[in-house]
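Take a look at the letters that make up each chain.
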Amino acid sequence: MSAILKDPLQLLIAAQQPGQSLAQSFYCDLAVYERDLEQVLSRQWLVVDHISRIPNRGDYFLFDIGNESIIVVREDETKIGAFFNVCRHRGSRVCLDAEGHKGAFTCPYHAWTYNLDGSLRSARLMPADFDKGVNGLHRCHVRVLEGFIFLCLAQGTPPDFDSAYQPFADWLGFHGFANARVAERRSYSTAANWKLVVENFIECYHCAPAHPEYCSVHPPELLLAYGAGPGSGPPEAEERFARELADWEVRARTLGHPAGFLFSDAADSPHLRTLVRLPIGGTHKTETHDGEPASKLMGQFKEFDGGETAFVFNAVSYLLAQNDFAILFRFTPRAPLLTDVEVRWIVAGDTEAGRDYDVGNLTWCWDVTLKQDKKITEDNQVGILSSRYQPGRYSEHERRVSTFVDWYLRQLA
Ligand code: FES
Ligand SMILES: [Fe+2]
C-alpha cells in the first residue's frame, strides 16, 4: 500500500479543488482537528494577551487551547513565564482558576508546590533519590514584543521569532503598545470549527448583508477593495481605490505617521502575516458611531489621520489599531466545533475609563459586529454538517480566504 493511501488526510488534501471551500471533514472531524493543533497551530507564535493583564509579580492567567492549558505568569518585573498546566507528579491540572495572583502554584491533588519560575519547591514523602531539580513544570515558549505576549506550543525548537516578528516592532512601537493598557475584555465563544471563524474574519463578502453598523463606518468602495486587507478584494476594486489611497498616504506621511503596505504573506509562507496601514475611509477619524475620537491619541500619533493599522501576526492572531484605540482578536480552538473568540480593547496607558473614554463608545462597532459574526459562523457550521454540503466556489471578494485555505493545506501536507 502506498504511503498516501495509509493517511486519509492526504487523500482529502489531494482531492481539494483550488478556489473552493474545504471538504466537510476539515470542518468537523476529530482526526483533522488534532492534526490542526499538532501540525498547524503548534508551529505558530500565538498572541495570547497584553502584558497589562499581569502587571505584578505572581499575577497569572491561563491560556487554553485544544487539550492544553498554559499558565502565563509574571515571574518578576521583567520576565513573563509560561508553563504547561500539568503536574509533574501524576498529571493533574495544577492551577484551576482562569486568572489571579499567587505566590506559588500548589497542585490541588497531593499538594506538590511550584515556584513562579516553574521549579518544584516541595513534594511530600518522596523517596530519597527523588530529584526536585528535574521535576519542574514544563516550560512553554514565550516571547513579549511591544507589550504583546506570544506563545508557541512546539515540542522542540519553535519557529524563529525575531525574523517573523521584528518587522512589526516599529509600527507597534509607533502605536505605543508597550505602555498601553486593556480597557475591556470580551469573549464571543463560537460553536464552529476554528477555520470557519478565521475564514469569516478574512473576507468582507459578507459585510454588506451581515454588518450594517460596520458598513456605516467604512465606505463600500474601501470594503470591496480592502475590506479584509490587501489581496482580499477584486483587483479592479483595488485599482479604483488607488487614487484615494495614495492621497491618504501622502497626508499620513506628511504628519510623520506610517502608511501603506509593508507586507502581506503568500500561501507558501510560514505564518501568513500582514502589516498594512489604510484609511478608515470617509470622514471617520476613528472606528466609532459618529466618527469622532473615542480616547486619547496613542503612541506617537500627532493628530487623527483617519487611518487604521492591521497587524496580522498569523491566521489566528489579529490586531486592528486606530489612532486612539486598538482591538486584539485571538481565535483559539477548544474542540472540533468550538472556538474561543477572545477580544481586547486597548487604549493609551495614561487613560482612565469615564474620564478619557467610554467603554460603550469604544466597543460599539466591533461588539455588534462580532455578535453578528458569531451567528453567521455558527449557521455556516451547522449547514456544513449536512449530508448535502459540498465545497463551493469563492468569489472575487474572498481572495484572502482562498490564500488561507491554500496556506492551511500546505501546513498539513
Ligand atoms: S498530581 Fe499533582 S501533586 Fe499529585
Ligand atoms: Fe464579519
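Please refer to the structure higher up on the page.
Model, not experiment: these values are computed from the prediction. (Residues numbered from 1 in each chain as written. Chains lettered and ligands numbered in written order. Predicted model: local features only at pLDDT ≥ 70, side-chain atom pairs only at ≥ 80, totals over all residues. Heavy atoms only, no water.)

Draft legend 1. Just the state of the cysteines, in detail. Tallied over the full model, the rule gives one disulfide. Disulfide pairing places Cys 204 opposite Cys 207 at an S-S distance of 2.0 Å. Of note, the bridge from Cys 204 to Cys 207 carries an S-S torsion of about -110 degrees and is left-handed in sense. The same class applies to Cys 204 as to Cys 207, namely buried. Between Cys 140, a free cysteine, and Cys 152, which holds the nearest cysteine sulfur, the sulfur-to-sulfur gap is 7.1 Å. With a relative accessible area of 5%, Cys 140 lands in the buried category. Note on Cys 215: no disulfide assigned, nearest cysteine sulfur contributed by Cys 207 at a separation of 5.4 Å. On the basis of relative accessible area, Cys 215 is assigned to the partly exposed category, the value being 26%. (Disulfide = S-S within 2.5 Å. Buried < 20%, exposed > 50% of the residue type's maximum accessible area, 1.4 Å probe, protein only.)

Draft legend 2. Seen up close, the coordination of the iron ion (ligand 2). Donor atoms from the polypeptide that coordinate the iron ion (ligand 2) comprise His 206 (NE2), His 211 (NE2), Asp 373 (OD) and Asp 373 (OD), at 2.0 to 2.7 Å from the metal. Taken together, the four donor atoms coordinating the iron ion (ligand 2) span angles of 52 to 150 degrees at the metal, a pattern that classifies the geometry as irregular. Each donor residue of the iron ion (ligand 2) belongs to the same chain, with the gaps between them written as H-x4-H-x161-D. In this pair, His 211 is assigned in the loop between α8 (207-210) and α9 (212-217) and Asp 373 in helix α12 (residues 359-384), connecting sequence segments 162 residues apart. Here the two residues His 211 and Asp 373 agree in accessibility, since each one is buried. (Donors = N, O, S within 2.8 Å, 3.2 Å for Na, K, Ca; no water. Tetrahedral: all angles 85-135°; square planar, octahedral: opposite > 155°, others 65-115°. Helix = DSSP H or I, 4+ residues; strand = E, 2+ residues; numbered from the N terminus.)

Draft legend 3. Fine view of the sheet that holds strand β11 (residues 180-187). Within the open sheet, the seven strands sit side by side as β11-β17-β16-β15-β14-β13-β12. Their pairing is antiparallel. Strand pairing shows two members of the sheet lacking a second neighbour, β11 and β12 (260-264), which therefore form its edges. Neighbouring strand axes in the sheet, compared pairwise and without regard to direction, differ in orientation by 20 degrees on average. The pairing of β12 with strand β13 (residues 274-279) spans four bridges and is classified as antiparallel. Residue pairing for β13: Ser 264 is matched across the bridge by Thr 274. Across the face of the sheet, helix α11 (residues 235-254) comes into contact with β12, β13 and β14 (307-314) while running at roughly 95 degrees to β13. (Pairing = 2+ DSSP bridges. Axes fitted to C-alpha atoms, helices over the stretch in contact; angles between N-to-C directions. Contact = heavy atoms within 4.5 Å.)

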